[in-house]
Amino acid sequence: MTGSKRDISRHTAVVGLQWGDEGKGKIVDVLTAQHDVIVRYNGGANAGHTVVVDGKKYALHLIPSGILNADKRCIIGNGVVVDPEKLIEEMDQLRARGIHVTGKNLRVSDRAHVVMPWHKEQDAALEEYMAAVTAGDRGSLAIGTTRRGIGPAYSDKVRRSTAIRMRDLLDPPYLRERLQVICKLRTAELHALGVNTDPLDPVALGDRYIAIGKQLAPYIGDTVYELHDAMARGDSILFEGANAALLDIDHGTYPYVTSSNCSSLGIPAGTGVPGRHLTRVIGIMKAYSTRVGGGPFPTELTCELGHKIRERGREYGTTTGRPRRCGWLDLVAVRYSVMLCGATSVACSLFDVLAGFEELKICVGYRLPNGSSTDRFIPDARGLENVQPIYETLPGWPEPEIAAGNRADLHPNARAYLDRIEAAIGIPIEMVGIGPDRKQTLVAECVS
Ligand code: IMP
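Residues numbered from 1 in each chain as written. Predicted model: local features only at pLDDT ≥ 70, side-chain atom pairs only at ≥ 80, totals over all residues. Heavy atoms only, no water.

Undergrad: So what's going on with the nonpolar core? Which residues, and what values?
TA: Ile67, Leu87, Leu106 and Trp118 are the most contacted members of the largest nonpolar core, which has 54 residues in total. The residues that make up this core include at least three from each of domain 1 (8-110 + 222-446) and domain 2 (113-218). Sequence-distant contacts of Ile67, that is, excluding residues within four places in its chain, are made with Leu60, Cys74, Leu94, Ile99, His100, Val101, Asn105 and Leu106. Judged by nonpolar contacts, the second largest core, of 53 residues, contains Cys341, Leu394, Leu410 and Ile429. (Core = buried A, V, L, I, M, F, W, Y, C linked by side-chain atoms within 4.5 Å. Buried < 20%, exposed > 50% of the residue type's maximum accessible area, 1.4 Å probe, protein only. Domains from an automatic or database assignment. Contact = heavy atoms within 4.5 Å.)

Undergrad: Go over the pairing of strand S19 (residues 429-433) with me, naming the residues and quoting the values.
TA: By the criterion of burial, S19 is predominantly enclosed, with five of the five residues buried. Examined bridge by bridge, strand S15 (residues 345-349) and S19 share three bridges and lie parallel to one another. Residue Cys348 lies in a different strand from S19, and its bridge partner there is Val432. Alignment of S19 against strand S20 (residues 441-442), held across two bridges, turns out to be antiparallel. Residue pairing for S20: Gly433 is matched across the bridge by Thr441. (Helix = DSSP H or I, 4+ residues; strand = E, 2+ residues; numbered from the N terminus. Pairing = 2+ DSSP bridges.)

Undergrad: Account for the site of the ligand, with residues named and values stated.
TA: The environment of the ligand is formed by 16 residues, the closest being Asn46, Thr146, Asn243, Thr258 and Arg322. Within the side chain of Asp21, an N or O atom sits 3.1 Å from a nitrogen atom of the ligand. Contact between the ligand and Val292: an oxygen atom at 3.1 Å from a main-chain N or O atom of the residue. Protein contacts shield 97% of the accessible area of the ligand, which totals 470 Å² for the unbound molecule. In the shell around the ligand, the residues fall into six nonpolar, eight polar and two charged. (Near = heavy atom within 4 Å. Polar contact = N/O pair within 3.5 Å; in protein donor to acceptor, adjacent residues only side chain to side chain. Areas by Shrake-Rupley, 256 points an atom, 1.4 Å probe, with all protein chains shown as cover. Nonpolar A, V, L, I, M, F, W, Y, C, P; charged D, E, K, R; others polar.)

Now the structure itself:
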């Protein structure tokens, strides 16, 4: 049945293997052509995809970048936390540029949790509070969040009694009843965090979110059944991860992580599709490493080299505009994420950024404080912050005079760099990104 409409290997997951911003949006955009439905399963407006199609740049935060391809259906799964005002803003922006967005090609889970205005206030207030608290010689306890209310929204999901889900926006009496209690509690909590806010007004908030519910009603539904119905019809599904494996709440560099399971392990819970359907998992890795926010980063370059990577890679956050911390490729970390995500192949993005360096380093192990070494990742901030990277040095390659048409055309040193990655992770590099445009991707058929 290989290649038939019902072949489950037609479903693909795309997941970031580092600390985010690996260029997943572009790869998802390339893969969209091969799939019928594109689904987000985690995170919220903390994620940011920049996709360039035909020279036009699109910055998306909540809506899967698959929306840019006409005739595809996009789903925001139950595992996502949705800021509905941001969602509407994004829909309007897309429409203004001629992109089709309707209740047919964009679906939002009725079970997805809502990011409310107070979640953003809580997020910022907690960060300020923690930034003021020193943690000995390790500096402040702030996470360096995107302040998009992600952590507080997921906290409420787990707390249950103070949560609001998308379906609640469609039920005015129920929403108003919940808001009465939540506003009282939340005002007190904000005051405790030092936020000098007027009491939250349940009536005004009720009016505002009931109006939003009316606007979004055509998009909201039971996306779990919708996905299973689609699979039963033989449609192929593309699962689009936001954030990345090393920011996974359970398996990342805790506590410097985001609040969802952003590795592929989050897919079953975040969409209602069992893991057995995930036979193709493409991990996306940058040819080097970046990180935004706080937390350990063993291969970070705080010198001129880091600056050079940042400028060449335009490493500034899509969501917050923050300059990203840059460093050498950490293969210990990538190999761990490949294992965790069950990646079956890899796409290596931003490869062009590394041209023009005299030599490049790749981290292949960590030296521990007791002098021993390991090639295993340490998914814990306190453990990871004390390691020293063990590097291999590889020769660099010059700027290409013309863009390579396939991997065989790359400079021998550039090919050797990719070969070294493959040898370490044990799975093939299926695509290599050599520029921001959709067309600037070397795909498997072309790979030597
Ligand atoms: P939060 O998700 O806003 O709570 O932020 C938690 C941590 O995850 C911070 O260090 C953020 O910078 C980081 N983070 C969240 N989303 C992304 C992303 O899409 N790319 C890079 N870092 C992210």
